[in-house]
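Chain by chain, the residues:
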Amino acid sequence: EVQLVESGGGLVQAGGSLRLSCAASGFTFDDYVIGWFRQAPGKEREGVSCISSSDGSTYYADSVKGRFTISSDNAKNTVYLQMNSLKPEDTAVYYCAAASTYYSGSYVYPDPYVYWGQGTQVTVSS
């Protein structure tokens, strides 16, 4: 059974930090791009960051560059999102997802992601 389980969300004050984890099981980790998405009330689901487990290449949305860092531990089948200098506008439900590396389009959008976690709430207070 394929599973992605997010953890690490919570309530933090502006300027604080959180570290999200995405633990994957039931599929070959190296064959997928792992992405982090977030969705705030009234907003579309937004691609935050992604990483290719095979070559380590990464992507960051402009809104989080310099503040968030994605990393992976292939031995643990886990991807992390270190979030620093958090802002109230970072408040959202954060989802991790897995997409095939063979997709020819953009990984910014959710279309190629076939496996999704249930999400973890991140709330940043002002």
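Scroll up a little and you will see the structure.
A short tour of the structure in this document, coming up. (Residues numbered from 1 in each chain as written. Predicted model: local features only at pLDDT ≥ 70, side-chain atom pairs only at ≥ 80, totals over all residues. Heavy atoms only, no water.)

### Here's the deal with the sheet that holds strand β3 (residues 18-25)
Taken together, the four strands give an open sheet; going across it, the order is β1-β3-β8-β7, and neighbouring strands pair in antiparallel fashion. Each having just a single partner strand, β1 (3-7) and β7 (68-73) make up the two edges of the open sheet. For this sheet, the mean angle separating the axes of adjacent strands, direction not counted, is 15°. In this structure, β1 lies alongside β3, joined through five bridges in antiparallel fashion. Each residue of the ladder has a partner; that of Gln-3, found in β3, is Ser-25. (Pairing = 2+ DSSP bridges. Helix = DSSP H or I, 4+ residues; strand = E, 2+ residues; numbered from the N terminus. Axes fitted to C-alpha atoms, helices over the stretch in contact; angles between N-to-C directions.)

### Some words on the nonpolar core
Grouped together as the largest cluster of nonpolar side chains are 28 residues, with contacts concentrated most on Ile-34, Trp-36, Phe-68, Leu-81, Met-83 and Tyr-94. If you list the elements that add at least two residues to this core, you get β3, β4 (32-39), β5 (46-52), β7, β8 (78-83), β9 (92-100) and β11 (120-125). Contact partners of Met-83, with chain neighbours within four places excluded, come to Gly-16, Ser-17, Leu-18, Leu-20, Arg-67, Phe-68, Tyr-94 and Val-122. By size, the runner-up hydrophobic cluster in this structure holds seven residues, among which are Cys-50, Ala-97, Ala-99 and Tyr-107. (Core = buried A, V, L, I, M, F, W, Y, C linked by side-chain atoms within 4.5 Å. Buried < 20%, exposed > 50% of the residue type's maximum accessible area, 1.4 Å probe, protein only. Contact = heavy atoms within 4.5 Å.)

### Thoughts on the environment of Arg-19
Position of Arg-19 relative to the elements: it lies in strand β3. Note on Arg-19: relative accessible area 46%, which makes it partly exposed. In this view, Arg-19 contacts Ser-7, Gly-8, Tyr-80, Leu-81 and Gln-82; residues no more than four positions away in its chain are not counted.

### Focus on unusual backbone geometry
Backbone geometry places Asn-77, a non-glycine residue, at a positive phi of 55°. With respect to the helices and strands, Asn-77 occurs in the loop between β7 and β8. Since its relative accessible area comes to 17%, Asn-77 is described here as buried.

### Overview of the environment of Val-12
As for its placement among the helices and strands, Val-12 is situated in strand β2 (residues 10-13). Separated by 114 residues in sequence, Val-12 and Ser-126 have C-alpha atoms that sit 9.1 Å apart. When sequence neighbours within four positions are dropped, the list of residues in contact with Val-12 reads Ser-17, Leu-18, Leu-86, Thr-123, Val-124 and Ser-125.

### As for the pairing of β5
Burial of β5 is extensive: six of the seven residues sit out of reach of the surface. Summarising the sheet, β4 and β5 pair through six bridges and their orientation is antiparallel. Its bridge partner lying in β5, Gly-35 is registered against Cys-50. Adjacent in sequence and paired antiparallel, β4 and β5 are bridged by six residues, among which Gly-42 carries a positive phi angle near 80°. Bridging between β5 and strand β6 (residues 58-60) involves three bridges; their strand directions are antiparallel. Considered in β6, the bridge of Cys-50 is made with Tyr-59. The hairpin formed by β5 and β6 contains five residues between the paired strands, and Gly-56 there has a positive phi angle of roughly 80°.

Structural measurements only, silent on function.
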